[in-house]
Amino acid sequence: MSVRKKPLVVVTRKLPDSIETRMRELFDAQLNLDDVPLTPEQIAEAVRTADILVPTVTDEITEDVLKQPDLRLRMIANFGNGVDNIDVTAAHARGITVTNTPKVLTEDTADMTMALILSVPRRLIEGASILTEGKDWPGWSPTWMLGHRIGGKRLGIIGMGRIGQAVARRAHAFGLQIHYHNRRPVAPRIADELGATYWESLDQMLARMDIISVNCPHTPATFHLLSARRLKLIRTDAYIVNTARGEVIDEDTLTKLIEQGEIGGAGLDVFENEPAISPKLVRLARAGKVTLLPHMGSATIEGRVEMGEKVIINIRTFLDNHKPPDRVLPSML
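Source: prediction; values computed, not measured. (Residues numbered from 1 in each chain as written. Predicted model: local features only at pLDDT ≥ 70, side-chain atom pairs only at ≥ 80, totals over all residues. Heavy atoms only, no water.)

Caption draft 1: Geometry of the overall build of the chain. Each helix and strand in the chain was counted, giving 13 helices and 12 strands. Since a compact globule built from 333 residues should have a radius of gyration of about 20 Å, the 22 Å found for the chain is in line with a globular shape. Dimensions along the principal axes, computed over C-alpha positions, put the chain at roughly 80 × 50 × 35 Å. Within the chain, buried positions represent 49% of all 333 residues. (Helix = DSSP H or I, 4+ residues; strand = E, 2+ residues; numbered from the N terminus. Rg over C-alpha atoms; globule rule 2.2 N^0.38 Å. Buried < 20%, exposed > 50% of the residue type's maximum accessible area, 1.4 Å probe, protein only.)

Caption draft 2: Spotlight on the packing of aromatic side chains. By the definition in use, this model includes one aromatic pair. Measuring from ring centre to ring centre gives 5.2 Å for Tyr 180 and Tyr 198, while their planes differ by 45°; the resulting arrangement is tilted. Here Tyr 180 is found in strand β7 (residues 177-181), whereas its partner Tyr 198 is found in strand β8 (residues 197-198), with 18 residues between them in sequence. Residue classification places Tyr 198 among the partly exposed residues on the basis of a relative accessible area of 27%. (Phe/Tyr/Trp six-rings, centres within 6.5 Å; stacked < 30°, edge-to-face > 60°.)

Caption draft 3: Here's a closer look at the side chain of Arg 13. Tracing the backbone shows Arg 13 in the loop between β1 (8-11) and α1 (17-26). Residues within four places of Arg 13 in sequence aside, it is in contact with Glu 20, Asn 32, Asp 35, Pro 37, Thr 56, Thr 58 and Asp 59. (Contact = heavy atoms within 4.5 Å.)

Caption draft 4: A look at helix α5 (residues 106-119). Over its 14 residues, α5 runs 20 Å from end to end, which matches the ideal 20 Å to within 8%, given 1.5 Å per residue. Where burial is concerned, most of α5 is hidden: 10 out of the 14 residues are buried. Within the span of α5, buried status applies to Thr 106, Asp 108, Thr 109, Ala 110, Met 112, Thr 113, Met 114, Leu 116, Ile 117 and Ser 119. (Expected span 1.5 Å × (residues − 1).)

Caption draft 5: Focus on the pairing of β1. Neither face of β1 is open: one carries Leu 8 and Val 10, the other Val 9 and Val 11, and all of them are buried. For the crossover that starts at β1, traverses α1 and ends in the parallel strand β2 (residues 28-30), the hand is right-handed. Pairing geometry for β1 and strand β3 (residues 52-54), over three bridges, is parallel. Residue pairing in the sheet places Val 11 in a bridge with Val 54 of β3. (Right-handed = clockwise from strand over helix to strand, strands pointing away. Pairing = 2+ DSSP bridges.)

Caption draft 6: A look at a nonpolar patch on the surface. On the surface, Leu 131, Trp 137 and Trp 144 cluster together to form a nonpolar patch covering roughly 350 Å² of accessible area. Its place among the elements puts Trp 137 in the loop between α6 (124-132) and β6 (154-158). (Patch = residues over 30% accessible without salt bridge, like charges linked within 9 Å, V, L, I, M, F, W, Y side chains within 5 Å. Areas by Shrake-Rupley, 256 points an atom, 1.4 Å probe, with all protein chains shown as cover. Salt bridge = Lys/Arg side-chain N within 4 Å of Asp/Glu carboxyl O.)

Caption draft 7: The pairing of β6, seen in detail. Summarising burial for β6: four of the five residues are buried, a large majority. Two strands pair when backbone bridges link them, and β6 and β7 are joined in this way by five bridges, in the parallel orientation. When the bridges of β7 are listed, Leu 155 appears paired with Ile 178. A crossover links β6 with its parallel partner β7, the connecting element being helix α7 (residues 162-173), and its sense is right-handed. As judged from the four bridges shared by β6 and strand β9 (residues 211-214), these two strands associate in the parallel manner. Following the sheet pairing, Leu 155 is matched in β9 by Ile 211.

See below:
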């Protein structure tokens, strides 16, 4: 009796040990144990030789890569919620199935968003640096290191999907007034639960908020959604939090406006040119104007394991000739 050959699954980055072990059991899994990002040439080779590719959000799967002749590739099982790293339309045209890992990172990302919402007005990073960088702390004083309370402030959420709603629930518990801009209003029961105000006009919402949280995906339609023009609508004492994608904000303009005192500050977990970080942003962070984190929004052990489990389920479902539960189509973007 012939033994069915296992499909070659190429994984581009180091995944949790339990996930890699299960992949080795189920597939002919080519792992990246050193976790060194693949070069564009290595990505192209993986696309050429693999039956199934498991990339991450930092791996660019472009139309040119997918146009290579004699591809074996049948599926791209993305290890990530966003698929802006993949040309989904080009994959679909070549008959390549694309999946992602939605829903498992909602709570983790919302937690980090709330942490950034708190960090800027309460000057958490500035305060911590006093104790960790050898600076002189004179002791408690009634007027030293004063920040601002967030209770009663207006939070404007851009993108009221799963993560946006999870952020809203947390913020509502902290006494923030919830406002949001979305392609369409949320269900009335959700709006009632959160006391949320819908703004069809993003411009009008931006001009009225104390805090702005970016929680929308990066798509061609949301690239520089917060453009230079829109950033100039924001109040001088307001600040921006971004745990979505750096490309949604015109980062150069944001930096200039904070430098000039025309925007109060920012809490950023994502950047437009990751992993490169603007030296100007670093200087602003040292001056206490912004909080910078290295893309940690979804970085929990539990979240990464659940992502890996979703990847495996999608691959096994596909190999069993069924529709994967997390299939992504061009029409969904």
